[in-house]
Amino acid sequence: MTNRIFNFSAGPCTLPVSALEKAQKDFVDYQGAGMSLIEMSHRDKPYDAVHRDAINNVKEILNVPEDFEVMFIQGGATLQFAMIAMNFLGNGKVGEYVNTGAWAKKAISDGKKVGEIRVIWTDEENNFMRMPKPEEIKFSSDAAFVHMCGNETIGGIEFNDYPDTGDVPLIVDMSSHIMSRPIDFNKIDMVYGGAQKNLGPAGMAIVIMRKSLIEKGNDNVPAYLSYKIHAKNESLYNTPPVFTIYMMKLTTDWVKETGGLKAMQELAMARSNALYDVIDNSDGWYRCPVEKESRSRMNVVWRLPSEDLEKKFIAEALAAGFSGLKGHRSVGGCRASMYNAMPTQGATKLAEFMIEFKKNN
Ligand SMILES: *Cc1c(COP(=O)(O)O)cnc(C)c1O
């Protein structure tokens, strides 16, 4: 095989090699059709099968109940920030938001432009070092929805326990940890995420929504921005991002072959524990700024004793075959993003490298 290095990029990110190779093999002549999948009509049989397989894989792996719809919508998770507000706000309805960091803030910012919103919890004064406990989230019984971000990709914090919001729809941005742990669809009414972290390449969001919530959507939104229209047309209202959905099918095939959600969850624990163990056993030389109970299994963030050492660490790690370890430009430090397709070896080898680096410095 070619030279694949360990890619810790926050997104787009590493994908299963088997999925990449399958796509390469079938790329020019898709299963004897005489043309590539990305050249044929999205209404033709070969693409139709891919579309349905991708949806069915998601339903099967995540145990999606019958009364939920799985939709593929272009514009990434970012467009969902606006779409949620456009579909569910207006006419005096108020959306309530939990502010846990950079991504929650972007959802809040777009929500505000479209309708009336309220921030019901924030940890901004402490630089977002933890997720709230369920009982800290005080929502109103007449809120249009409660919105939260399940895993703050930049801050490196992750929700472990969601509040029970009863009749108020709970909407969660799971962009950076979808399909790495079970989803409690009794509590959660809408899950969304950009595809390019755990599910495939960039180009769309996956949206899983309770059908009764879809029905509550406003009717005066433009066609592409209406959940009702996407649901009614099974995500084929217009030309879908064919290649992204195809790669998602191949990636989710790999998830099933690897042992499904249970395996993804165990692998995520093994990878993140490998790094947190090094950090916790370094006598404070490596330091994770995040509160322990909120540590993300997907995006591990840490600091070194100085910014110079951080620069040196990132450069030497890259030379040793570990790329993408620079923290987000807004917070600095180091970050290892380890989504589903990151091999366990990537984490254990990086852990060894961290121990060596500390010894030498
Ligand atoms: C990456 C990310 C987004 C943005 O996703 P796009 O598909 O690039 O729009 C939103 N929320 C979270 C939590 C993310 O990690």
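Scroll up a little and you will see the structure.
Summarised in this report is the structure supplied together with it. (Residues numbered from 1 in each chain as written. Predicted model: local features only at pLDDT ≥ 70, side-chain atom pairs only at ≥ 80, totals over all residues. Heavy atoms only, no water.)

Next up on the list: helix H10 (residues 344–360). With 17 residues, H10 extends 25 Å between its outermost C-alpha atoms, agreeing within 8% with the 24 Å of an ideal straight helix rising 1.5 Å per residue. Residues of H10 that are buried: Gly346, Ala347, Leu350, Ala351, Phe353, Met354 and Phe357. Each buried residue of H10 lies within a common arc of 165° when the element is viewed along its axis, so the set occupies one face. Away from its buried face, by an angle of more than 90 degrees, H10 presents the exposed residues Glu352, Lys359 and Asn360. Against the buried residues of H10 lie strand E1 (6–7), helix H8 (260–280), strand E11 (299–302), helix H9 (307–319), strand E12 (322–323) and strand E13 (334–337). (Helix = DSSP H or I, 4+ residues; strand = E, 2+ residues; numbered from the N terminus. Expected span 1.5 Å × (residues − 1). Buried < 20%, exposed > 50% of the residue type's maximum accessible area, 1.4 Å probe, protein only. Arc of directions from axis to C-beta. Contact = heavy atoms within 4.5 Å.)

On to the sheet that holds strand E2 (residues 68–73). Within the open sheet, the seven strands sit side by side as E2-E10-E9-E8-E5-E3-E4. Their pairing is mixed. Strand pairing shows two members of the sheet lacking a second neighbour, E2 and strand E4 (116–122), which therefore form its edges. Adjacent strand axes in the sheet meet at a mean angle of 20° when their direction is disregarded. In this structure, E2 lies alongside strand E10 (residues 205–210), joined through six bridges in antiparallel fashion. If you follow Met71 over to E10, its bridge partner there is Val207. The sheet strands contacting helix H3 (residues 76–88) are E2, strand E5 (145–149), strand E8 (170–173), strand E9 (190–194) and E10, and the helix crosses E9 at an angle near 150°. (Pairing = 2+ DSSP bridges. Axes fitted to C-alpha atoms, helices over the stretch in contact; angles between N-to-C directions.)

Moving on to the layout of surface pockets. Volume-wise, the largest pocket comes out at about 400 Å³. Broken down by secondary-structure element, the contributors of at least two residues to the lining of the largest pocket are helix H4 (102–114) and E13. Taken together, the residues that form the lining of the largest pocket break down as eight nonpolar, eight polar and five charged. If you count residues domain by domain, the lining of the largest pocket takes at least three from each of domain 1 (17–256) and domain 2 (260–360). Reported here for the second largest pocket is a volume of approximately 200 Å³. Looking at the second largest pocket, the residues that line it are Arg303, Glu307, Glu310, Lys311, Ile314, Lys326, Gly327, His328, Arg329, Gly332 and Gly333. Classifying every residue of the lining of the second largest pocket by side-chain character gives one nonpolar, four polar and six charged. (1 Å grid on protein atoms, 1.4 Å probe; cavity = no way out; pocket = protein on both sides within 12 Å on 5 of 7 lines; lining within 4 Å. Points joined across faces, edges and corners; volume = space filled by probe spheres on them. Nonpolar A, V, L, I, M, F, W, Y, C, P; charged D, E, K, R; others polar. Domains from an automatic or database assignment.)

Right, let's get into the packing of aromatic side chains. Tallying each qualifying case throughout the model produces 19 aromatic pairs. Measuring from centroid to centroid gives 6.1 Å for Phe6 and Phe322, while their planes differ by 15°, and the two rings are stacked. Of the two residues, Phe6 sits in strand E1 while Phe322 sits in strand E12, which places them 316 residues apart along the sequence. Note on Phe322: relative accessible area 6%, which makes it buried. Relative to Tyr286, the ring of Trp285 lies with its centre 5.1 Å away and its plane at 85°, an arrangement referred to as edge-to-face. (Phe/Tyr/Trp six-rings, centres within 6.5 Å; stacked < 30°, edge-to-face > 60°.)

The immediate surroundings of the ligand are formed by 14 residues, with Thr78, Thr153, Asp173, Gln196 and Lys197 found nearest. Between the ligand and Thr78 there is a distance of 2.5 Å, counted from an oxygen atom to a side-chain nitrogen or oxygen. One of the side-chain N or O atoms of Asp173 is found 2.6 Å from a nitrogen atom in the ligand. Coverage of the ligand by the protein chains reaches 87% of its 380 Å² of free accessible surface. At four residues, H3 tops the list of elements feeding residues into the shell around the ligand. Partitioned by chemical class, the residues of the shell around the ligand number four nonpolar, eight polar and two charged. (Near = heavy atom within 4 Å. Polar contact = N/O pair within 3.5 Å; in protein donor to acceptor, adjacent residues only side chain to side chain. Areas by Shrake-Rupley, 256 points an atom, 1.4 Å probe, with all protein chains shown as cover.)

Residues Gly11 and Pro12 are joined by a peptide bond in cis, for which omega reads -5°. Within the chain, Phe128 stands out as a residue other than glycine whose phi angle is a positive 55°. Tracing the backbone through its elements, the reader meets Phe128 in the loop between E4 and E5. Judged by its relative accessible area of 11%, Phe128 falls in the buried class. At Met179, a position not held by glycine, the phi torsion is positive, near 65°. Tracing the chain through its elements places Met179 in the loop between E8 and E9. By relative accessible area, which is 1% here, Met179 ends up buried.

In terms of nonpolar packing, the biggest core is built from 86 residues, with Ile208, Tyr286, Trp302, Phe313 and Leu350 touching the most fellow members. Each of two domains, domain 1 (17–256) and domain 2 (260–360), supplies a minimum of three residues to this core. Ignoring anything within four residues of it in the chain, the contact list for Ile208 reads Val58, Leu62, Val64, Phe68, Glu69, Val70, Phe185, Asp189, Met190 and Val191. Counting residues in hydrophobic clusters, the runner-up holds 25 residues, among them Ile108, Phe145, Leu213 and Ile214. (Core = buried A, V, L, I, M, F, W, Y, C linked by side-chain atoms within 4.5 Å.)

Turning our eyes to something else, we now look at the packing of H9 against H10. Following both chains from N to C, one finds H9 and H10 inclined at 135°, their axes separated by 11 Å at the closest point. In terms of their interaxial angle, H9 and H10 are classed as oblique. Handedness of the H9/H10 crossing: right-handed. Between H9 and H10, the residues in contact are Leu309, Lys312, Phe313, Glu316 and Ala317 and Leu350, Phe353, Met354 and Phe357, respectively. Taken together, the residues of the contact of H9 with H10 sort by class into seven nonpolar, no polar and two charged. (Parallel < 35°, antiparallel > 145°, perpendicular 65-115°, else oblique. Left-handed = near helix turned anticlockwise from the far one by under 90°.)

Without other data, these values stay purely geometric and don't point to any function.
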